[in-house]
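# Examination of the molecular architecture
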Amino acid sequence: MPAKTLEKASSIESLRPLELDELEGRTTDFQLYLDIAGKPVLYADGPYEWSIAEIEKLHEDGFSVLFYDPKARNNADSLEYGKIEPMIDDAVVEVPSEVLSHVRDGLSSTIATLNVQSPVSAAKISAVFDDLVVFLTSYPQLTAVLRDLSHHDTYTFFHSIRTCALSVAIAEDLGVKDEDHLHDIALGAVLHDIGHLKVEREILEKQGALTSMEWVQVRQHPRQSIELLEEFEISPTTKAIIIQHHERPDGKGYPFSLTCDEICPEARIVNLADIFAALTSPRPYQRQLNKTSAVAFIRQNLSEFVAPVPLASLETLIAD
Ligand SMILES: [Fe+2]
């Protein structure tokens, strides 16, 4: 264990927690602290390689999290971080109508690009979309969180709406016919990246490789999504989608490194829709693919990232 140095500049309250298990097999290049009797004690200074044995030892010693100072990044010129707090108090909140119209329009335009063959399926999907808009209208505080996301990370906001439409279409095609179940999937998909609110905009928009600290921030967004939404009554299915949407069938995803059967089917659907929506969107650092090329790219290069069953369904939905 490295020498411990009392950090006098920061209190533990000013630091952010980082799950110890997130560090397994990784190298960090920033300071990480232990909480010793409420005081931050420097444990790792970068670059620092994290072995499984060391993480197990820390667990044995009673530690499950370390702490870092998000403001200590090199070139930390962004003042955004930590300042965005969604409106989740009990105050009366006006429904952000522009968010509802973006959701409505985005769902309609995305589903129009898909080949939903059965009129019954098309009607069901349309009813689920209508229900989602009514739901968001009924929960203005929740819709305000989406509004905050649209201001903080416009790409993710619109991307989430596309992911939602794709997810509902795939789920319906795979035999999910119950509208409440489809609603849970729709809500999970539209909120899956709400934790981006806690990630610096500079990192979200970065075109080059992420530093290890930036990587740590990004990988925390599923947990942060759940934390941001804990004030709201959200179904277990919706929560599972949000926390598991970056898990991979090969067990190399995050935050839990779940393997195929451990990942709920709904999260596997949203995971695929998320990847497909990203590949078919224009981004400064990536060539926009058409639908056919995107599915071919996933089959050829990302097969370990996605589950095969929803991919086969997506393939039928994009067929001309
Ligand atoms: Fe995500």
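Quick look at the structure, then.

Rules used in this analysis
Chains are numbered independently. Their residues run from 1 in the order of the written sequence. At least 70 in pLDDT is required for a residue's local features to be given in this predicted model, at least 80 for side-chain atom pairs to be given and counted, and no such filter applies to totals for whole chains, interfaces and linings, which use all residues. Numbering of helices and strands starts at the N terminus; helices are DSSP runs of H or I of at least 4 residues and strands are runs of E of at least 2. Any residue whose C-beta has 12 or fewer other C-beta atoms within 10 Å is treated as exposed, any with 20 or more as buried, and any in between as partly exposed, C-beta atoms being built from the backbone. We call two residues in contact if the C-beta atoms placed from their backbones are at most 7 Å apart. Here the expected span of a helix is defined as 1.5 Å times the quantity of residues minus one. The arc refers to the directions leading from the helix axis to the C-beta atoms. Paired strands, in this sense, are two strands between which DSSP finds at least two bridges. Fitted lines through C-alpha atoms serve as axes, helices being fitted only where they are in contact, and the angles separating the N-to-C directions of these axes extend from 0 to 180 degrees. Note that the term roughly parallel is reserved for angles under 35 degrees, roughly antiparallel for angles over 145, roughly perpendicular for angles of 65 to 115, and oblique for everything else. Crossings are assigned a handedness: left-handed for a near helix turned anticlockwise from the far helix by less than a right angle, right-handed for a clockwise turn. In this classification, the charged set is Asp, Glu, Lys and Arg, the nonpolar set is Ala, Val, Leu, Ile, Met, Phe, Trp, Tyr, Cys and Pro, and all remaining amino acids, among them Gly, are polar.

### A closer look at the overall build of the protein
Scanning the protein from terminus to terminus reveals 13 helices and 7 strands. Relative to its full complement of 320 residues, the protein shows a buried share of 37%. Contacts in the protein between residues at least 24 apart in sequence constitute 73% of all its contacts with a sequence separation of at least 6.

### Brief notes about the environment of Pro47
Its place among the elements puts Pro47 in the loop between strand 5 (39-44) and strand 6 (48-49). Exposure remark for Pro47: the 10 C-beta atoms within 10 Å place this residue in the exposed category.

### Quick look at helix 3 (residues 119-138)
Compared with an ideal rise of 1.5 Å per residue, which puts 20 residues at 28 Å, helix 3 spans 28 Å between its outermost C-alpha atoms and is within 8% of the ideal. Every buried residue of helix 3 is accounted for by Ile125, Val128, Phe129, Leu132 and Leu136. In a view along the axis of helix 3, the buried residues occupy a sector of 95 degrees, so they form one face of it. Along helix 3, the residues that are exposed and aim more than 90 degrees away from the buried face are Pro119, Val120, Ala123, Asp130, Val134 and Ser138. Tucked into the core, helix 3 has its buried residues touching helix 2 (97-111), helix 4 (140-152), helix 5 (154-173) and helix 6 (179-191).

### Topic: the environment of Gly46
Positionally, Gly46 belongs in the loop between strand 5 and strand 6. Owing to 13 C-beta atoms within 10 Å, Gly46 belongs among the partly exposed residues under this scheme. Apart from the residues within four sequence positions on either side, Gly46 is in contact with Thr28, Asp29 and Phe30.

### Details of the pairing of strand 4 (residues 32-36)
Pairing of strand 4 with strand 5 involves 5 bridges; the strand directions are antiparallel. In the sheet register, Leu34 faces strand 5, and the bridge partner there is Val41.

### A short note on the packing of helix 10 (residues 236-244) against helix 11 (residues 265-279)
At their nearest, the axes of helix 10 and helix 11 sit 8 Å apart, and the two run at 50 degrees to each other. Considered as vectors, helix 10 and helix 11 are oriented oblique to each other. Two packed elements cross with a definite hand, and for helix 10 against helix 11 that hand is right-handed. Counted together, Thr237, Ala240, Ile241 and Gln244 of helix 10 and Glu266, Ala267 and Val270 of helix 11 form the full contact between these two elements. Looking at the contact of helix 10 with helix 11 residue by residue, the classes come out as 4 nonpolar, 2 polar and 1 charged.

It is worth stressing that arrangement in space is one thing and function is another; only the former is reported here.
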